[in-house]
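Summary of structural features
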Amino acid sequence: MKVVVCLKHVPDPREPRRFEPAGHTLLRDSAEGMPNPLDDHALEAVLRWRDEGLEVDCWALTMGPASARDTLKRALAKGADHAVWIQDPALAGSDLLATSRAIARAVERIGEVALVLMGDRSLDAGCGVLAPMVAERLGWPSLSGTTSLEAGSDAVTVEVAGPTGPERWQATLPTVVAIAGLSGEPRLPSFTGIMGTSKKELVGWSLAELALAPEAVGAEGSGTRVLAVHPARPAAQEAQP
């Protein structure tokens, strides 16, 4: 089974952030980054299937600046078989609409994908809608808020938090699933895995290679605009009337 795991390289929340003055977009290369925690859980789900004997061809996929390669290398060290980095200067400032367009096109180019996994939300934006957006572009079903995931030959069964308790849902493959967190902590890269990353494929795809025009992404291809950026107020101040 070929599985694509979408991994976002997010700014470390403990580090100060700088924004581009004109469009107010985050200067990602100016801040220390880290893998998005829930995306790490998505990768862990695939690696656990392999531990259980399921044949999985795991593709790690990310979109972002040069620093995003660190997250891909970490995924390869953990056990991903291939890594794809969507990189192009025109991608800067892409909102979720534009991002989903690029990710869906990359999934199509990888080809014969049975399942796309990602975190339910990212640490920096926290919107929680990228998975259904990607699924809509691919014409696939999607499931979000997943806390447990089982893979079958032609379907996946998930557990999600419902209004009255846990609920079990099933979707036929291919599908897109967003992980809200699994039991147990994701594994760390092993020394053997780190040493073996040089033998694995990490490729960079430009917009031209994805057959996407520059105006389809970035600020021009986005449906939203950032009008202003302000420092967050301390939690205690938020609680005051």
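This structure is a prediction, so every number in the text was calculated from the model and none was measured. (Residues numbered from 1 in each chain as written. Predicted model: local features only at pLDDT ≥ 70, side-chain atom pairs only at ≥ 80, totals over all residues. Heavy atoms only, no water.)

Considering the overall build of the chain
The condition is simple: Put simply, DSSP H or I for four residues or longer makes a helix, DSSP E for two residues or longer makes a strand, and each gets a number counted from the N terminus. Buried, partly exposed and exposed residues are distinguished by accessible area as a fraction of the type maximum, computed with a 1.4 Å probe on protein chains only: under 20%, between the cut-offs, and over 50%, respectively. Working rule for contacts: check all heavy atoms of both residues, and any pair within 4.5 Å makes them a contact. Each accessible area is a Shrake-Rupley estimate made with a 1.4 Å probe; only the visible protein chains count as cover when residues are assessed.
Within the chain, the regular secondary structure consists of 6 helices and 11 strands. The burial tally for the chain puts 43% of its 241 residues in the buried class. For the chain, contacts bridging at least 24 residues in sequence account for 71% of all contacts bridging at least 6. Here the chain displays about 12,400 Å² of accessible surface, and carbon together with sulfur accounts for 54% of that area.

A word on the packing of helix α1 (residues 37-51) against helix α2 (residues 68-78)
So the rule is basically this: Whenever a helix is involved, its axis is fitted only over the stretch in contact; in every case the axis is a line through C-alpha atoms, and angles between N-to-C directions fall within 0 to 180 degrees. When describing relative orientation, an angle under 35 degrees is termed roughly parallel and one over 145 degrees roughly antiparallel, while 65 to 115 degrees is termed roughly perpendicular and anything else oblique. Two helices crossing with the near one rotated counterclockwise from the far one by less than a right angle form a left-handed crossing, whereas a clockwise rotation gives a right-handed crossing.
Closest axis-to-axis distance for the α1/α2 pair is 11 Å, and the angle between their directions is 25°. The orientation of α1 relative to α2 falls into the category roughly parallel. Crossing geometry of α1 relative to α2 is assigned as right-handed. Contact with α1, carried on its side by D40, L43 and L47, involves R74, A75 and K78 of α2 and no other residues of that element.

Observations regarding the side chain of K78
Relative to the helices and strands, K78 is located in helix α2. Classification of K78 as buried rests on a relative accessible area of 10%. Excluding residues that lie within four positions of it along the chain, K78 makes contacts with D40, L43, L47, P186, R187, L188 and P189.

A short note on α1
Using the following cut-off: Each residue after the first adds 1.5 Å to the expected span of a helix.
For α1, spanning 15 residues, the distance from its first C-alpha to its last is 21 Å, which sits close to the expected 21 Å at 1.5 Å a residue. For α1, the tally of buried residues reaches 11 of 15 residues, placing the bulk of the element in the interior. Buried residues of α1: L38, D39, D40, H41, A42, L43, E44, A45, V46, L47 and W49, and no others. The secondary structure elements touched by the buried residues of α1 are β1 (2-6), β4 (57-63), α2, β6 (115-119), β7 (142-151) and β10 (175-179). G53 sits one or two residues past α1 and shows a positive phi near 105°.

Structural notes on the confidence of the model for the chain
What counts, and what does not: What pLDDT conveys is the predictor's confidence in a given residue, as a value from 0 to 100.
On average, the chain scores 89 in pLDDT, and the residues at 70 or more come to 88%. Across the chain, the secondary-structure element scoring lowest on mean pLDDT is helix α6 (residues 235-239), at 51, and the one scoring highest is β1, at 98.

Details of the nonpolar core
Grouped burial of nonpolar side chains is what soluble globular proteins tend to show. How we decide: For the purposes of this section, nonpolar cores are sets of buried Ala, Val, Leu, Ile, Met, Phe, Trp, Tyr and Cys residues that join through side-chain atoms within 4.5 Å.
Within the largest apolar cluster, 31 residues are counted, with the highest numbers of intra-cluster contacts made by V4, L61, V107, V116, M118, V134 and V176. The element best represented in this core is helix α3 (residues 96-110), accounting for 7 residues. Residues in contact with V107, not counting those within four places in the same chain, are V4, L61, V113, V116, L138 and W140. Formed by 30 residues, the second largest nonpolar core is a distinct cluster that contains C58, W85, V156 and V160.

A look at the packing of aromatic side chains
So the rule is basically this: Side-chain rings of Phe, Tyr and Trp, where Trp is taken by its six-membered ring, are said to pair if the distance between their centres is within 6.5 Å; with planes under 30 degrees apart they count as stacked, over 60 as edge-to-face, and otherwise as tilted. Any Lys NZ or Arg CZ that is within 6 Å of a ring centre and within 35 degrees of that ring's normal is treated as a charge sitting over the ring.
Considering all chains together, one arrives at 0 aromatic pairs under this definition. The residue whose ring lies beneath R109 is W205, and the NZ or CZ to ring-centre distance is 4.4 Å.

Some thoughts on unusual backbone geometry
Omega for the peptide link from L173 to P174 comes to 0°, which places this bond in the cis form. Considering the arrangement of structural elements, one finds P174 in the loop between β9 (165-172) and β10. The backbone of E112 sits at a positive phi, close to 55°, despite the residue not being glycine. Mapped onto the secondary structure, E112 falls in the loop between α3 and β6. Judged by its relative accessible area of 76%, E112 is exposed.

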